[in-house]
Amino acid sequence: MKQIAVRKDSYYDSVFLMLSARALKSLAGVSEAVVAMATPMNLELLAGMGFASRDFADLTPGDLIVAVEAQDGSTSEAAIKEAFESLTRRKKTDSSGAGIQSSGSLQSAQKIDPDANMAIISVPGAYAAREARKALDAGLHVMLFSDNVSLEEEISLKTLAVSKGLLMMGPDCGTAIINGKPLCFANVVRKGPIGIVAAAGTGLQEVSCLIDRYGSGISQGIGTGGRDMKNAAVGGMTSLFAIEALAADPATKVMLVVSKPPAPDVAAKVIAALRASGKPAVAHFLGLPPGTDEPHLAYAHDLEEAALLATLFATTVLDSTAARKLIAEDSGNDRYNRPSRATIERLAIQESAKLSSAQKYLRGLYTGGTLTDETLFLAHASLGGVWSNNHTDKNWLLSDPKKSLGHTVIDLGDDIFTVGKPHPMIDPAARAERISLEGRDETCAVILIDVVLGYGSHPDPAGACLQAIAGAKAAARARGGYMPVVASVTGTAGDPQDFEAQVAKLEAEGVVVMPSNYRAALLAIEIAELAGGKR
Amino acid sequence: MNVNAVEKLFTSELRAINIGLESFAKNLSAEGAKTVQVDWRPPAGGDLKTIAALDAIAAGIFGRDGKPLDAEAANAEAARRILAAKPTVVGIGTALDVVPGMARDLILHAGPPVAWKDMCGPLRGAIIGGLLYEGLASDAGEAETLAASGKIRFEPCHHHDAVGPMAGVMTASMPVWILENKGFGNRAYCTLNEGLGKVLRYGAYSAEVLQRLAWMRDELAPMLSAAIALRGPIDMKSLIAQVLQMGDEGHNRNRAGTSIVIRELAPHLVMLDWPREKIAKALAFLNGNDHFFLNLTMPSAKCTVDAAAGIEGSTIITTMARNGTEFGIKLSGLPGRWFTGPAGVVEGLYLPGYGPSDAARDIGDSVITETSGIGGFAMAAAPAIVKFVGGSPQDALNVTLRMYEICQTENDAYQIPALDFRGTPTAIDVRKVVETGILPAINTGIAHRNPGIGMVGAGLVKPPECAFRDAVVAFAKEYAHNT
């Protein structure tokens, strides 16, 4: 049977039309097909082929005509439909893995990838909330890397996100791991059963790397931003939402919450949410004395212990008591590479043997904020007071963070150091300078540093401070002393910087590399204590 | 709390849109996560008042009666009308007879309104020429005196359903193309193109220029008019669709279009009761003027976008035009209002013997082509003129690709072969222009700054961003009641 369809005022180039006709002819049941502009010649041709069933008088050369001869009506209908569709069909641009496409706006980015599910926002703070709101309105989960977003904006964004059931990470969220992919400053860690909720910074990096090293892995690492739990007005909106999401996530077997001291109300809610999840959980609130363990809720004392408890819950151990027992038994046997107290004391004695009598003080020079805090809390208690720019006790706040005073632990990522400069994790030059400065100070007894690997960080953070370390050691030698340098490397074998090579570089320069920031801090504190004649 | 959406995220592939630091996108991509980078710039260049206006519009707009309006729906309607337009050449007439409101003491010009004292050189020159052509003055000095006297009225072509290239001067006895939008019944008018070199639209008014205009009025127009009568109306949409596949973009390159028009008309011209040599002269004139087609694409574009004017709540730009002093735009939702800024300096290539110091500022209604989705927006269709945009076909593709960022839709008739026959970006949304800072890409000719010399080059021009920002602020004031 023969059938004709017309689309008025539709110009197509003849090559298209011929291709379309050829495709139609190859369809099963189609014996003849013409797809053409209605020129007098084509109309004559159609008439000659016996397609005279329709009056052609009203057609102009600007009209498209499709004529099909097929075995039955449904076949010809389908062929005609295919003809019109084939003329307007676009080849789908294959962009999978073909690099990064760019666009001028969120809207058009969504057109490029309609399945996009996460917006990562790192625009200047003044515009950040606006972009985040647009992303949430567009149905995207948000990681807001930008800082300098007001408290009011944060509350309003998080309220909006929760009402839409979307994840709102940040503002000031530097790290996240979603579906195994590192976002912004994050390490390449194994996938696994542990879901982390953290303020998001080096705390999240440290625990996720240690979990990776202990043989377990991360289901999700959700950053909340520093104010989420700390500020009562924000009320832990993102943290509580994330805990609920991880509770519902079948891939998450264990939950780990890391935070600076939360607002009391928020802490209670977070703990209640962890209990309600029905999953074993670990909580670590930096600088707060650990709470009392419950069978399925353990309070960690430090970041390393938090990672280890979570790993044990994720592998073999059923409750807190058993986990604690295992950790106690393991202490010193290095199954998890946790040098024992005795080992640390031995190392400290070795390192402090050649100190001059003038050398007395610990100098912690950090690029990571949470790592700074962890060391600060430990050292402040052990050494009877430590100066810092991160101190919560105003009496110990350095008036000039650019100069060390007695025992000092500084966060070089503080605004005061980064105005007009990149963050020291991106460019460790400022830390190298500070190492040199401490090297010239005859009272400095030990330099303690963090080396943070992962995406976002400098391509060779260890290498970037070697020259300064060598210089500091040489300067101490010249004064008749010795400069112990202690480091920890936050990273995994999968990180772009090559974890083993970073450790080897430091050790070749005489740096004692400890397996975690916690152990590094213990060693450095021990050295400082020996130097000060306390032991 | 409903965490279903997060559960969905956890069980899907992570696909990110990265707004800001590009290294984050590179890292994710290296880890195998599909990432689209947004080349972010501060919205409205960081202008707080305009950002507030954008936010207010986003929060909700209302009609005069307080009824909530939907800008998206209004814009979709504007785009629908632009796509549904059927610009058709229906004939040639005399301006006084056919152009609404035309009068003997009225001279129409390109762009937004401008007073004689503020007019640029080429526009003044064209007006002098127009007065001489109409016999209202006998020499240039007399014409200038008359123009300054207040006895002659000056109004934009756009106020009379008309458009004019460059100076865009139209006087009462000039022959004009009559275009009808068969989809909506509205009409648009434009003078016939005079060719290149010393021509009225570039401000030239020598005897040679005036003689050519007289010949066009007395011989060319009557012949073309009779040929069209024989042939019947010409469907411009189909012609423009074809020329985009033949290397034209419909503004700065019109070689294919002019050729097609000659093909369409030649068989009918030769049948006319005119002396052979006169018909031959007419055909030779068309053949010698690559831009003859421009004066057809312009009124086609004009009657196309006019159909989308006056839609309550629409932020689609329905007019862009320049008078050599100012660049102006109009929005569909704010009919009758111009938003202007200083006319730009054209970045371009110059004819031998001329340079940037000779250039007049941006002038002409021809940017109506970009307003309708061709011209600079179809740059990717015209590889022959990629020299204007950086030299490589990729540069031309990039120009067109950027325009999708600021447009409501893609044309269903005008397609770009090199973009896999994707429709040209069509219906400019002023909100997107201001939000992204991506300004419409406008192709244009360059006039000599002094009257009487003519075309000195061609190139690309940047419209003034302030006109677009002012339009957004005014739109918010009109429609967003919580500003």
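Residues numbered from 1 in each chain as written. Chains lettered and ligands numbered in written order. Predicted model: local features only at pLDDT ≥ 70, side-chain atom pairs only at ≥ 80, totals over all residues. Heavy atoms only, no water.

Caption draft 1: Local environment of the overall build of chain B. Scanning chain B from terminus to terminus reveals 16 helices and 19 strands. In terms of overall dimensions, chain B is globule-like: its C-alpha atoms have a radius of gyration of 23 Å, near the 23 Å expected for 483 residues. Projecting the C-alpha coordinates of chain B onto the three principal axes gives extents of approximately 85 × 45 × 45 Å. Among the 483 residues that make up chain B, the fraction classed as buried is 62%. The contacts of chain B with a sequence gap of at least 6 include a subset with a gap of at least 24, amounting to 71%. Of the roughly 16,800 Å² that chain B leaves accessible, carbon and sulfur atoms contribute 51%. The average position of the 44 basic charges and that of the 50 acidic charges among the side chains of chain B differ by 2 Å. (Helix = DSSP H or I, 4+ residues; strand = E, 2+ residues; numbered from the N terminus. Rg over C-alpha atoms; globule rule 2.2 N^0.38 Å. Buried < 20%, exposed > 50% of the residue type's maximum accessible area, 1.4 Å probe, protein only. Contact = heavy atoms within 4.5 Å. Areas by Shrake-Rupley, 256 points an atom, 1.4 Å probe, with all protein chains shown as cover. Lys, Arg positive; Asp, Glu negative; His and termini not counted. Charge placed at Lys NZ, Arg CZ, Asp CG, Glu CD.)

Caption draft 2: Region of interest: the overall build of chain A. On a plain count of helices and strands, chain A comes out with 19 helices and 19 strands. What you see for chain A is a C-alpha radius of gyration of 32 Å, clearly larger than the 24 Å of a compact globule of 535 residues, by over 25%. Viewed in the frame of its principal axes, chain A has a C-alpha envelope of about 110 × 50 × 45 Å. Considering chain A as a whole, with its 535 residues, one finds that 56% of them fall into the buried category. The contacts of chain A with a sequence gap of at least 6 include a subset with a gap of at least 24, amounting to 70%.

Caption draft 3: Geometry of the sheet that holds strand β12 (residues 326–331) of chain B. Residue and element names in this part refer to chain B. With antiparallel pairing, the 4 strands of this open sheet are ordered in space as β13-β12-β11-β15. The outermost strands of the open sheet, each flanked by one partner alone, are β13 (339–342) and β15 (363–364). Sheet contacts for helix α16 (residues 465–479): β11 (317–323), β12 and β13; angle to β13, the most-contacted strand, approximately 155 degrees. (Pairing = 2+ DSSP bridges. Axes fitted to C-alpha atoms, helices over the stretch in contact; angles between N-to-C directions.)

Caption draft 4: Spotlight on the pattern of salt bridges. Per the stated rule, a full pass over the model turns up 50 salt bridges over all chains. Between Arg275 of chain A and Glu294 of chain A there is a salt bridge, with the nearest N and O atoms lying 2.7 Å from each other. With Arg275 of chain A in helix α10 (residues 264–277) and Glu294 of chain A in the loop between β13 (281–285) and β14 (297–299), this pair connects stretches of sequence that are 19 residues apart. Through salt bridges with shared partners, a single ionic network connects Arg130, Glu131 and Lys134 of chain A together with Asp55 and Glu435 of chain B. (Salt bridge = Lys/Arg side-chain N within 4 Å of Asp/Glu carboxyl O.)

Caption draft 5: Structural view of the confidence of the model for chain A. Mean pLDDT over chain A works out to 91, with 96% of the residues at or above the 70 mark. A low-confidence stretch, residues 91–98 of chain A (pLDDT under 50), is modelled with 3 contacts involving residues beyond four sequence positions or located in other chains. (pLDDT = per-residue confidence, 0-100.)

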